[in-house]
Amino acid sequence: MKRKDAQPDPMSTPIGGAVTGRAGSNVAPHLAYHDLRKWLEEAEKLGEVKTVKNLSWEQDIGMVAGMALRDESAPCFVFEDIPGTIKGSRVLVNFFGGKRKNMTLGFPTDLSKVELSEEFRVHFMSNIKRIPPKYVETGPVMQNVMSGDDVNVMKFPAPQWHHGDGGRYIGTGSYNITRDPDEGWINCGTYRVMIHDEKSLGFYISPGKHGRQMRDKYQARGERMPVAIVCGGDPMSFLMGCSEVPYGMSELDIIGGIRGTPVDVIKGPVTGLPLPANAEIVIEGFVEPDNERVEGPFGEWTGYYASDLRPEPVLDIKAIYYRNDPILLGCPPERPPDEIGRYRAVVRSALLRENIEKAGVPAVTAAWAHEVGSARLLLAVAINQRYPGHAKQAGHIATMCHVGAYCGRYTIVVDDDIDVSNLEEVIWAMLTRSDPATSIDIIRNAWSTPLDPRIEPERKAVGDNSNSRAIIDACRPWHWRDKFPAVNAPTPEERTLALRKFSHLFES
Ligand SMILES: Cc1cc2nc3c(=O)[nH]c(=O)nc-3n(C[C@H](O)[C@H](O)[C@H](O)COP(=O)(O)O)c2cc1C
Ligand SMILES: [Mn+2]
C-alpha cells in the first residue's frame, strides 16, 4: 500500500513485536522420551520436579493441584506414598509449565510459547507424518496384571480433584483407545473417566468427537464396544489424544510420526486393541449397549460444573495392567487460564493456523487460541489483508474448521501488525478497528456441548446443545484502509534508536 505522506505505514508497524511469518526452522526437534518415566527424568534434569509424600487422594492432592495448575511457574508435582493406594503408586500433575513444556514437545527450552507453537506446527502439524505402531509380545505395562475377581480400580491413586466432583476421576491425563466398527481405524481420545466401583468406570464423550461417533455406531448395532484406557501415557501421546487431529487418522500413527519411530503396542488380551507397551496403567474392558450409570458432576475446563449429573455409558473392567510403582498422569481442569489452556493454546494454535491455511485462506500470518478461553472460547487470527472479504473469510473458516467448530464463542480477526497471542493487543484492535453495528457476524446453531455453561437448562434438557458464535472483524476496513489513522507507536527504526540511546535508564 502506498501512503502519500511520510507517516509510518500503519499496515506494517508492529505494535509490540507482532508474530508474523513462519518460524525459522533451523531448530531440529528431538523428543527425549518415549514414556512417562523417561519424561520425568528429563523434567528432573531441568530442576522442575517436586516430590511430596503422604498427601491424601481424598482432598490434599486436589488442593495442591488446584494451586499449581493455575501457576505457570509452579513445578511439576509427583505425589508418593498416598495412603490407601497400591504401594509405590504415584500421581504426577502439572507436566506442562516452565521449561519442561518445550522439552515435552521436543524443542529447545529458550523458545517462547508462540515460537514453540510455530515450531511444533511447521515440524509436526503442517504435513502430518504417520508411522503405524509396531506389535510386540510384551512390555513393562504387563509387569502387574489384575484380572477377574482381582480387579479393583479403587486401589489406584485417583484423586477427588475438586470438592464438588461426583467421584474420583482416574481419567483426566488419560486417553481411550477404540476401534471404528465400520472403518476399522483406531482412535485415541481424552475423555474424563470416573470410578463407579471396583470393577466399573463411567466416561463422558461429547457428541461429535471421534470417540463418540464410534460409540454411537456400536450402540446403533446393539454391540458392545471394546475400550482400553491409558492412564499414564507419555505426555506427547496424551497431547495428541486431546487435540483435534483429523478424522480417520489414528493418533497412534501420528505419535509414531512425531517420534520418528513406531509406538510399541501389545495386542490387548481381552479386547485385541493395541495397548502401548510402555504405558504406566492400561485398563481394558467393554461397554455394553444401554448400560448407563449416573456420571458427574465434574469441575470442567470452562470453569464450571456445567454438565451436571447424567446417565453415561459404563465400562465393565476385565483387566488392569500396570508397571511397578505406576504413575497416574493427572490433568484436571481448573478455572482458566490453567494448565489445560496452556498446552492446548500451544498445540491448538498450531492446528488452527493449519486448518485455516488448508481451507485456502491466503496470507494468514498468525493464529492464537487463547488460554483464558481454554483455547476454545476465544480465537484470534491475523491476516495480511489482500482483498475485500478476506477478513470475513478468515473469521468464518477459523470459527467453523475442525479446531474451531466445537464449543467456540468469539473469533477476532486482526491485521498482521497485531500480536494475536497478546490479549491486550487483540482487544485494543477490536476496540479501535471494529464497529459493533457492522463488524460482527453471528452464526447460530453451532456445534457445542452440554458442558457449555451458557446454554439454557430447558434446551439442554431436550438435547439441544448448540450455541452461537460472534466473528468480529477487527481489521482496518478494507475500502478505506489507507485513510485509517496511523498508529501512535514508534517505527522499528525509532524503537531501535530509543533503545540504543536510553535503555540504560531502565536498568535497575
Ligand atoms: C484434560 C482433558 C479432559 C477432557 N475431557 C473430555 C471429556 O470428558 N469429554 C469429551 O468429549 N472431550 C474431552 N476432552 C476433549 C477431547 O479430548 C478432544 O476434543 C479430543 O480432540 C477428542 O478426540 P477425538 O475427536 O479423537 O474423540 C478433554 C480434554 C482434556 C485436555
Ligand atoms: Mn481422533
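Description of the structure in this document. All values reported here derive from a predicted model rather than from experimental measurement.

So, about the overall build of the chain. From N to C terminus, the chain includes 14 helices and 22 strands. In terms of overall size, the chain behaves like a compact globule, its C-alpha atoms giving a radius of gyration of 24 Å where 508 residues would be expected to give roughly 23 Å. By its C-alpha atoms, the chain is 85 × 55 × 40 Å across when sized along the principal axes. Here the chain, with 508 residues, has 57% of them falling under the buried criterion. In the chain, once contacts between residues fewer than 6 apart in sequence are set aside, the share between residues at least 24 apart is 75%. Per element, the accessible surface of the chain, about 20700 Å² overall, is 52% carbon and sulfur. Of the charged side chains in the chain, 59 are positive and 67 negative; the average position of the first set lies 3 Å away from that of the second.

In this section: the nonpolar core. The biggest cluster of nonpolar side chains holds 73 residues, and the ones touching the most others in it are W39, L92, F95, L105, F120, M240 and Y343. For this core, the element with the highest residue contribution is helix 8 (residues 339-358), accounting for nine residues. Of all hydrophobic cores here, the second largest spans 42 residues; its members include I61, L201, F203 and M225.

Looking now at the coordination of the manganese ion (ligand 2). Only N187 (OD1), H210 (ND1) and E251 (OE) from the protein coordinate the manganese ion (ligand 2), and they sit 2.2 to 2.3 Å from it. Each donor residue of the manganese ion (ligand 2) belongs to the same chain, and together they define the spacing N-x22-H-x40-E. Separated by 64 residues along the polypeptide, N187 in strand 8 (residues 186-189) and E251 in helix 7 (residues 251-259) bring together distant segments of the chain. Comparing N187 with E251 shows no difference in burial state: the two are buried.

Okay, the site of ligand 1 next. In the vicinity of ligand 1 lie 23 residues, with T190, Y191, R192, Y204 and S206 positioned nearest. A distance of 3.0 Å separates an oxygen atom of ligand 1 from a polar atom in the side chain of K209. Between R376 and ligand 1, the recorded distance is 3.4 Å, taken from a side-chain N or O atom to an oxygen atom. Contact with the protein chains hides 96% of the accessible area of ligand 1, taken as 640 Å² for the molecule alone. Its atoms largely coinciding with the cavity grid, ligand 1 occupies the largest cavity.

Turning our eyes to something else, we now look at unusual backbone geometry. At the junction of G296 and P297, the peptide bond is cis and its omega measures out at -10 degrees in the coordinates. Geometrically, the link from P336 to P337 is a cis peptide bond, its omega value of 5 degrees lying close to zero. Tracing the chain through its elements places P337 in the loop between strand 17 (327-330) and helix 8. Here S374, not a glycine, exhibits a phi torsion of approximately 50 degrees, which is positive. Among the secondary structure elements, S374 is positioned in the loop between strand 18 (364-369) and strand 19 (378-383). Exposure remark for S374: the relative accessible area of 1% places this residue in the buried category. Positive phi, close to 50 degrees, is recorded for C407, a residue that is not glycine. Among the secondary structure elements, C407 is positioned in the loop between helix 10 (402-405) and strand 20 (410-415).

The pairing of strand 4 (residues 134-135) with strand 12 (residues 264-267) spans two bridges and is parallel. Considered in strand 12, the bridge of K134 is made with D264. Two strands pair when backbone bridges link them, and strand 12 and strand 13 (residues 274-276) are joined in this way by three bridges, in the antiparallel orientation. Each residue of the ladder has a partner; that of I266, found in strand 13, is L275. Hairpin connection between strand 12 and strand 13: a loop of six residues separates the two successive antiparallel strands, and G272 in this loop has a positive phi of roughly 80 degrees.

The next point concerns the packing of aromatic side chains. With the rule as written, the count across this model stands at 14 aromatic pairs. Ring geometry for F96 against Y343: centres 6.0 Å apart, planes inclined by 80 degrees, an arrangement best described as edge-to-face. Placement of F96 in the loop between strand 3 (90-93) and helix 3 (100-105) and of Y343 in helix 8 is noted, with a sequence separation of 247 residues between them. One aromatic cluster in this structure is built from W39, F95, F96, F238 and Y343. In this structure, K209 is placed above the aromatic ring of Y406, and the distance from its NZ or CZ to the ring centre is 3.9 Å.

This brings us to the sheet that holds strand 19. The strands that make up a sheet pair up through hydrogen bonds in the backbone, lying either parallel or antiparallel. Strand order in this open sheet of five strands is 18-19-20-22-21, and the pairing throughout is mixed. Strand pairing shows two members of the sheet lacking a second neighbour, strand 18 and strand 21 (440-446), which therefore form its edges. Averaged over all neighbouring strand pairs, the angle between strand axes comes to 15 degrees, with direction disregarded. Taken together, the five bridges between strand 18 and strand 19 define a ladder with antiparallel strand orientation.

Attention now moves to the pattern of salt bridges. Side-chain pairs of opposite charge can arise where the charged atoms are in close proximity. With the rule as written, the count across this model stands at 38 salt bridges. For E118, the salt bridge identified is with R121, shortest N-O distance 2.7 Å. With E118 and R121 both in helix 4 (residues 113-125) and three residues apart, the pair spans about one turn of that helix. Each member of the pair, E118 together with R121, is buried. Between R433 and D415 there is a salt bridge whose closest N-O contact spans 3.1 Å. A residue pair is termed long-range when its members are at least 10 positions apart, and R433 in helix 11 (residues 423-433) and D415 in strand 20 qualify at 18 residues.

About the thresholds
Residues numbered from 1 in each chain as written. Chains lettered and ligands numbered in written order. Predicted model: local features only at pLDDT ≥ 70, side-chain atom pairs only at ≥ 80, totals over all residues. Heavy atoms only, no water. Helix = DSSP H or I, 4+ residues; strand = E, 2+ residues; numbered from the N terminus. Rg over C-alpha atoms; globule rule 2.2 N^0.38 Å. Buried < 20%, exposed > 50% of the residue type's maximum accessible area, 1.4 Å probe, protein only. Contact = heavy atoms within 4.5 Å. Areas by Shrake-Rupley, 256 points an atom, 1.4 Å probe, with all protein chains shown as cover. Lys, Arg positive; Asp, Glu negative; His and termini not counted. Charge placed at Lys NZ, Arg CZ, Asp CG, Glu CD. Core = buried A, V, L, I, M, F, W, Y, C linked by side-chain atoms within 4.5 Å. Donors = N, O, S within 2.8 Å, 3.2 Å for Na, K, Ca; no water. Near = heavy atom within 4 Å. Polar contact = N/O pair within 3.5 Å; in protein donor to acceptor, adjacent residues only side chain to side chain. 1 Å grid on protein atoms, 1.4 Å probe; cavity = no way out; pocket = protein on both sides within 12 Å on 5 of 7 lines; lining within 4 Å. Sits in = over half its atoms within 2 Å of the grid points. Pairing = 2+ DSSP bridges. Phe/Tyr/Trp six-rings, centres within 6.5 Å; stacked < 30°, edge-to-face > 60°. Lys NZ or Arg CZ within 6 Å of the ring centre and 35° of its normal. Axes fitted to C-alpha atoms, helices over the stretch in contact; angles between N-to-C directions. Salt bridge = Lys/Arg side-chain N within 4 Å of Asp/Glu carboxyl O.

So yeah, pure geometry; function would need other evidence.
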